[in-house]
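If you want the building blocks of each chain, they are given just below.
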Amino acid sequence: MLQIVLVKYIILIERTNGNDSFVDWCQIMLKIGQFQALKVINMESFGVYLGENAQEKVLLPQKQVPTDTKIGDELEVFIYKDSQDRLIATTSKPKLTLGTLAVLEVKEVTKIGAFMDWGLEKDLLLPFKEQRCKVNCHEKYLCALYVDKSQRLCATMSVYDKLTANHNYKKGDFVEGIVYEIKEFGAMVAVDNAYYALIPKRELRRKLKIGEQIQARVTEVRDDGKMALSLNKEIPYQISEDADTVLKGILEYDGILPFNDKVKPEVIEREFHMSKNAFKRAVGHLLKENKIIITDESIRLKDEY
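In this text, all values refer to a predicted model and were calculated from it rather than measured experimentally. The residue count restarts for each chain, going from 1 along the sequence in the order it is written. Whole-chain, interface and lining totals are the exception, using all residues; otherwise, since this is a predicted model, local features are given only for residues with pLDDT of at least 70 and side-chain atom pairs are given and counted only at 80 or more. The side-chain figures draw on all heavy atoms in the structure; neither hydrogens nor water molecules are used.

## Observations regarding the overall build of the protein
Working definition: helices are DSSP H or I runs of at least four residues, strands are E runs of at least two. Numbering for both runs from the N terminus. A count of helical and extended segments in the protein gives 5 helices and 18 strands. Relative to its 305 residues, the protein shows a buried fraction of 43%. A separation threshold of at least 6 residues defines the contact pool for the protein, and within that pool the share at least 24 residues apart is 53%. Note on areas: these come from Shrake-Rupley sampling with a 1.4 Å probe, and a residue is covered only by the protein chains present in the view. Surface exposure of the protein reaches about 17700 Å², of which carbon and sulfur atoms provide 50%. Throughout, exposure labels follow a simple rule: accessible area from a 1.4 Å probe, protein chains only, divided by the maximum for the residue type, with under 20% read as buried, over 50% as exposed, and the rest as partly exposed. Pairs of residues are marked as contacts when any of their non-hydrogen atoms sit within 4.5 Å.

Structural data, given as structure tokens:
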């Protein structure tokens, strides 16, 4: 209690001395970037002031004030800064608050960064240093919210430390998620925009991009809860699908594929976007179904196909 009184006394002194930067820091006690319940302490024609006292208050513009509001009423509001860097309250619900994650759409890309649609009148800045790839207008990316050095709310695409492993998924489950970072060892995915997951490089049958929404199969749940994913289906189903892909490829070569199953992996990746093992399984499936003939230099369809 003594600490609160002391802080409020310091705020009053700093206001008197004109130290606005210190006051801005203290106003963070109003929980910028979060929802909180505040009391109406003053009413004006342009809106109502909310807070605990005249020294700690924030404006809720008139168009946001519920009908029949009166002094002493408690309102649930979100606090952020307006275009003139003043603290402002709103009863609107943004898509993102401190401590949460959300997929946001890029509205504009400027010299200082990208501006994201987060559901409020003032768009949210995603600075260049917080981007994990070149972002494009109208595309969507997973973002978190943070307070910058100027005590303004900004977006970041660095979301790894905001994810959790507290889920109920198990091996074999199918999940949905969004790619939030591409590494040398694979694609990092936020399952349900919340849980750690990785598609290892060996499982990447095609090139993914940051912001891409994917469906995948859980191949492993580690002891710490982090998931490994695959874009492939379970092997029996995947073999059939891969065989169809290879068959289509042979047809595109007029019935004669100019290499066999001993070709280099990079050729298979280029032509079919699958691993050499997957290709060999698919070819074996077609051979078993008596649809192809394998020679020293090619794979060809049987005449009846």
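Moving on from the coordinates now.
## Section: the nonpolar core
In these notes, a set of buried Ala, Val, Leu, Ile, Met, Phe, Trp, Tyr and Cys residues joined through side-chain atoms within 4.5 Å is what counts as a nonpolar core. Counting residues in each nonpolar core, the largest one holds 37 residues, and the members touching the most others are Leu50, Met116, Trp118 and Leu124. The leading source of residues in this core is strand E4 (residues 74-81), at 5 residues. Not counting residues up to four positions away in its chain, the partners in contact with leucine 124 are Leu96, Leu104, Ala114, Phe115, Met116, Trp118, Leu145, Leu153, Cys154 and Ala155. Counting 19 residues, the second largest nonpolar core, distinct from the first, contains Ala243, Val263, Ile268 and Leu286.

## Regarding the sheet that holds strand E15 (residues 227-230)
One bridge is not enough; two strands pair if DSSP finds at least two bridges between them. Pairing is mixed around the closed barrel formed by 5 strands, whose spatial order is E11-E12-E13-E15-E14. Neighbour to neighbour, the strand axes of the sheet diverge by 50° on average, direction disregarded. Axis lines are fitted through C-alpha atoms, for helices just across the contact stretch, and the angle between N-to-C directions can take any value from 0 to 180 degrees.

## A short note on helix H4 (residues 265-272)
Turning to H4, its buried residues number three or more, namely Val267, Ile268 and Phe272. The buried residues of H4 occupy an angular sector of 100° when the element is viewed end-on, so they sit on one face. Exposed residues lying more than 90 degrees from the buried face of H4 are Glu266 and Arg270. Positioned one or two residues after H4, histidine 273 has a phi angle of 55°, which is positive. In this description, one arc is meant: the one made by directions from the helix axis to the C-beta atoms.

## Some remarks on the sheet that holds strand E17 (residues 292-294)
A sheet is described by the order of its strands in space; here 3 strands give the open sequence E16-E18-E17, paired in antiparallel fashion. Across the chains shown, the open sheet's two edge strands, defined by having one partner strand only, are strand E16 (256-257) and E17. Sheet strands touched by helix H5 (residues 276-288): E16, E17 and strand E18 (299-301). Its angle to E17, the strand with the most contacts, is close to 120°.

## Description of the layout of surface pockets
Once rolled over the atoms, a probe with the size of a water molecule shows which space is left empty. Its boundaries defined by the atoms lining it, the second largest pocket holds a volume of some 420 Å³. Computed over the protein atoms alone on a 1 Å grid, cavities are sets of points where a 1.4 Å probe fits but cannot get out and pockets are open sets with protein on both sides within 12 Å along at least five of seven lines; a residue lines them when it has an atom within 4 Å of a point. Residue lining of the second largest pocket: 21 residues in total, with Arg202, Glu203, Asn232, Ser275 and Arg281 positioned closest to the centre. Contributing elements (two or more residues each) for the lining of the second largest pocket: strand E14 (213-221), helix H3 (235-252), H4 and H5. Looking at which element gives the most residues to the lining of the second largest pocket, the answer is H5, with 4 residues. In terms of residue class, the lining of the second largest pocket is built from 5 nonpolar, 6 polar and 10 charged. Grid points are joined across faces, edges and corners, and a volume is the space filled by probe spheres set on the points. The nonpolar class holds Ala, Val, Leu, Ile, Met, Phe, Trp, Tyr, Cys and Pro. Asp, Glu, Lys and Arg form the charged class, and all remaining residues, Gly among them, are polar.

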